[in-house]
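Overview (structure and organization)
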Amino acid sequence: MASHLFCGRVNLNILREAARKDLREFLDKCSGSKAIVWDEYLTGPFGLIAQYSLLKEHEVEKMFTLKGGRIPSAAVKNIVFFVRPRLELMDIIAENVASEDKLQPRDFHILFVPRRSLLCEQRLKEKGVLNSFTNIDEYILDLIPYDGDLLSMESESSFRECYLENDQTSLYHAAKGLMTLQALYGTIPQIFGKGECARHVANMMLRMKREFSGHAQILPVFDTLLLLDRNVDLLTPLATQLTYEGLIDEIYGITNGYVKLPPEKFAQKKPGEGGKDLPTEPKKLQLNSAEELYAEIRDKNFNAVGAALSKKAKIISAAFEERHNAKTVGEIKQFVSQLPHMQAARSSLANHTSIAELVKDITTSEAFFDNLTVEQEFMTGVDTDKVSTYIEDCIAQKDPLIKILRLVCMQSVCNNGLKQKVLDYYKREILQTYGYEHILTLKNLEKVGLLKPQSTMRNNYPTIRKTLKLWMEDANEQNPNDISYVYSGYAPLSVRLTQVLARPGWRSIEEVLKMLPGPHFEERQQVPTGLHKKRQPGENRTTLVFFIGGVTYAEIAALRFLSNMEDSGTEYIIATTKLINGTSWIKSLMDHPEDKFP
């Protein structure tokens, strides 16, 4: 059930239902029994839209992963390929179709997600298999609801495409996704944006709106749309997230709402079974606000999670103790009716206590503390203009390359570029220690502005930091009063911009906005007459914040914190091209020459 999609200010289940309806319609086009061949990357996002039960209702009997050779045998009438429009995948499909048994012909169909591609069809034609397909269609899956206040396109390389390869495909998909949202939730009257890509998305969306003459006769749900480029704030994803959900993502990686964890902590040991083998399969858990406890602790600073868990443990054990007080049949009946909920709460508590222990093992280590100390020194402007002895030591110990790149890029961003001799020293050390093939990666990081030589311009970062209060001494982690708690002192620049836009408005920070890359702009969309929202006294505004190029869980936590502040006056829904952390983000910019020249 998608109950967690109903709980926010905006019912995101409407979007999920629209996506499910389109999927049903396509499956019904292929009459008879079916086997789906999945592009593996799509299985996660599709799992958030439709479970296997829905596919089964529409005669899907088998599911396979797309790989070379023959498709496994299945007594079905239709083979349906669900794929992204990638040329390398067309070669695999062509191989699958060509090696099909001619004596038992089956109907082939192909569903491109999120758009059809003429290049891909051309490739299938060159391989001589295009005419084998009965249906070639597209399934427009732009924005996928992840939670009651979170949408993601899960476009895995959108930042790389936009800023490195100058490919605007994902921006077009973002504009289309916003058009879909407005068809379901009404026109968004006010648009603000910062950054080149934000400008492109706004222009495309406004053009689509003009071309699509019919207005959705729906009372607008959103008051404002804020489009933010990731490269306006390159610092935030590089910093280690310190919220519970952020740390789980940093350490284990959350993919499509699921996390895989080492199984040892979750083994149920029974008395007398000391020597029993421990499970070896990773423990897979779903993480979203449908789970009461997770919704409560996910956005807390990790240092406040232990107290929250022990408080919950006392409440649960007190609830179980109630059974001794149940004397009458009515009281016993009431207790029994609450039992499933209580048992679920106890199991949830056990899981999160285990996860918290796993995370704590890492956050209490000396290595984690040293890394965090250096990050915070960079963010506060300490020694950003010379070679860091800590980074030198990490390279000498051959620590993971991504860790090194995150730190060097952070130093560069906080110093508005590195002195040429410092930059050359780091590059030389990295290439000599980790291999010369990484010269391509360093070039990429330079191209997107993460790693650069200092220009003659002065370093604006200290001015931006002071004006926007990006560093708060003594951030209160237990009972926060400012968004800086998500990084224990650092307030994400992207979220600060969002906060200032709501109150007192961007005019108050005009000078800082000019220091940040890309234009800032404001647009208005005409809302059909009679559909203007009449706000009740005390009713909050609803703002959709769209991060182009990715967003971290810590930024999401900071926006949720702003939504929940008593006097904020604004509730935020978050949309993005991809959910990222520093590691996955840097990884997407790395080049492996061996992949290109096998």
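Just above, that's the structure.
In this convention, every chain numbers its residues from 1, walking through the sequence in written order. Side-chain atom pairs in this predicted model are given and counted only at pLDDT of 80 or more, local residue features only at pLDDT of at least 70, and totals for whole chains, interfaces and linings cover all residues. Only hydrogens and water are set aside; all other atoms, that is, all heavy atoms of the structure, feed into the side-chain values.

**Structural notes on the packing of helix H15 (residues 401–414) against helix H16 (residues 420–434)**
Following both chains from N to C, one finds H15 and H16 inclined at 175 degrees, their axes separated by 12 Å at the closest point. Accordingly, the angle class assigned to the pair H15 and H16 is roughly antiparallel. Judged by residue contacts, Leu401, Ile404, Leu405, Val408 and Gln411 of H15 engage Tyr426, Ile430 and Tyr434 from H16. Of the residues belonging to the contact of H15 with H16, the class tally is 7 nonpolar, 1 polar and no charged. Structural elements are reduced to axes, namely lines fitted to C-alpha atoms, with helices fitted over the stretch in contact, and the angle between N-to-C directions of any two is expressed from 0 to 180 degrees. Helix numbering and strand numbering both begin at the N terminus, where a helix is a DSSP run of H or I of at least 4 residues and a strand a DSSP run of E of at least 2. Every angle not falling under 35 degrees, over 145, or within 65 to 115 is termed oblique; those three ranges are roughly parallel, roughly antiparallel and roughly perpendicular. When checking whether two residues touch, look at their non-hydrogen atoms; a contact exists if any pair is within 4.5 Å. Only Asp, Glu, Lys and Arg are considered charged, only Ala, Val, Leu, Ile, Met, Phe, Trp, Tyr, Cys and Pro nonpolar, and every remaining residue, Gly among them, polar.

**Points about the side chain of Lys209**
With respect to the helices, strands and loops of the structure, Lys209 is situated in helix H8 (residues 196–211). No salt bridge is formed by the buried Lys209; the nearest opposite charge belongs to Glu211, separated by 12 Å. Those residues in contact with Lys209, other than ones at most four positions away along the chain, are Met179, Gln182, Thr187 and Gln525. Three labels apply to residues, based on accessible area from a 1.4 Å probe with only protein chains included: buried if under 20% of the type maximum, exposed if over 50%, partly exposed otherwise in between. Counting rule applied: Lys, Arg positive; Asp, Glu negative; His and chain ends not counted. Every case where a carboxyl oxygen of Asp or Glu lies within 4 Å of a side-chain nitrogen of Lys or Arg is listed as a salt bridge.

**Observations concerning the nonpolar core**
We call a set of buried residues a nonpolar core when its members are Ala, Val, Leu, Ile, Met, Phe, Trp, Tyr or Cys and they connect through side-chain atoms within 4.5 Å of each other. Core analysis: the largest hydrophobic core is formed by 166 residues, its most contacted members being Phe82, Leu227, Leu450, Leu497 and Phe546. Of all the elements, H15 adds the most residues to this core, at 10 residues. In this structure, Leu497 is in contact with Leu228, Val232, Leu468, Trp506, Ile509, Leu513 and Leu516, ignoring residues within four places of it in sequence.

**Here we look at the packing of aromatic side chains**
Each aromatic pair joins two rings of Phe, Tyr and Trp (for Trp, the six-membered one) with centres within 6.5 Å, and gets the label stacked for planes under 30 degrees apart, edge-to-face for over 60, and tilted for any other angle. Scanning the entire structure with this criterion turns up 17 aromatic pairs. Ring centres of Phe26 and Phe82 lie 6.3 Å apart, and the angle between their planes is 75 degrees; this geometry places the pair in the edge-to-face category. On the criterion of sequence distance, the pair formed by Phe26 in helix H1 (residues 13–29) and Phe82 in strand E3 (residues 78–83) is long-range, its members being 56 residues apart. Taking the relative accessible area as the measure of exposure, Phe82 reaches 0% and is therefore buried. Counted as over-ring charges are cases with an Arg CZ or a Lys NZ within 6 Å of the ring centre that also lie within 35 degrees of the ring normal. Here Arg199 stacks its cationic end above the ring of Phe521, 4.1 Å away from the centre of that ring. Across from the ring centre of Tyr258, 4.8 Å away, lies the NZ or CZ of Lys284, which sits over that ring.

**What to know about the pairing of strand E4 (residues 107–112)**
Buried residues dominate E4, accounting for 5 of its 6 residues. Strands are treated as partners if at least two bridges between them are detected by DSSP. By the bridge criterion, 6 bridges tie E3 to E4 in an arrangement that is parallel. Within E4, the position partnered with Ile79 by the bridge is Phe108. The handedness of the E3 to E4 crossover, carried by helix H4 (residues 87–98), is right-handed. Note on handedness: a clockwise path from strand one over the helix to strand two, with the strands aimed away from the viewer, defines a right-handed crossover.

**Regarding the sheet that holds strand E6 (residues 144–147)**
Paired through their backbone hydrogen bonds, the strands of a sheet run either parallel or antiparallel. Here 7 strands make up an open sheet; going across it, the order is E6-E7-E15-E14-E9-E8-E13 and the pairing mixed. Only two strands of the sheet have a single neighbouring strand rather than two, namely E6 and strand E13 (520–524). Strand-to-strand twist in this sheet, taken as the mean axis angle between neighbours without regard to direction, amounts to 20 degrees. In this structure, strand E7 (residues 150–152) lies alongside strand E15 (residues 570–576), joined through 3 bridges in parallel fashion. Within E15, the position partnered with Leu150 by the bridge is Ile574.

**A few points about unusual backbone geometry**
The omega torsion across Val113 and Pro114 is 5 degrees, close enough to zero to call that bond cis. Omega for the peptide link from Arg503 to Pro504 comes to 5 degrees, which places this bond in the cis form. Along the chain, Pro504 turns up in the loop between helix H19 (493–502) and helix H20 (510–515). Although it is not a glycine, Asn256 adopts a positive phi angle of roughly 50 degrees. Note on placement: Asn256 falls in the loop between strand E10 (254–255) and strand E11 (258–261). We note that Asn416 has phi near 55 degrees; this positive angle belongs to a residue other than glycine. Among the secondary structure elements, Asn416 is positioned in the loop between H15 and H16.

**Points about the pattern of salt bridges**
If you walk through the whole model with that rule in mind, you get 36 salt bridges. One salt bridge connects Arg207 with Glu211, and the closest N-O pair in it is separated by 4.0 Å. Of the two residues, Arg207 and Glu211 both sit in helix H8, 4 residues apart, roughly one turn of that helix. Arg298 is the partner of Glu245 in a salt bridge, and the nearest nitrogen-oxygen pair spans 3.0 Å. Highlighted residues: Glu245 in helix H9 (residues 244–251) and Arg298 in the loop between helix H10 (292–297) and helix H11 (305–321), separated in sequence by 53 residues. For the pair Glu245 and Arg298, a shared accessibility class is recorded, and that class is buried. Salt bridges sharing common partners tie together Asp147, Asp149, Glu245, Arg298, Asp299 and Arg560.

**Things to note about helix H12 (residues 329–363)**
To estimate the expected span of a helix, count its residues, drop one, and scale the result by 1.5 Å. If you check H12, its first and last C-alpha atoms are 49 Å apart, about what 35 residues at 1.5 Å a residue would give, namely 51 Å. Bend at a given residue is defined as the angle between two axes, one fitted to the seven residues that end at that position and one fitted to the seven that begin there. Helix geometry: H12 is bent most strongly at Leu339, by close to 40 degrees, with proline Pro340 lying one to four residues after it. For H12, the set of buried residues is Phe335, Met342, Ser348, Leu349, Asn351, His352, Ser354, Ile355, Ala356, Leu358, Val359 and Thr363. In this fold, the buried residues of H12 make contact with H9, E11, strand E12 (283–286), H10, H11 and helix H13 (366–379).

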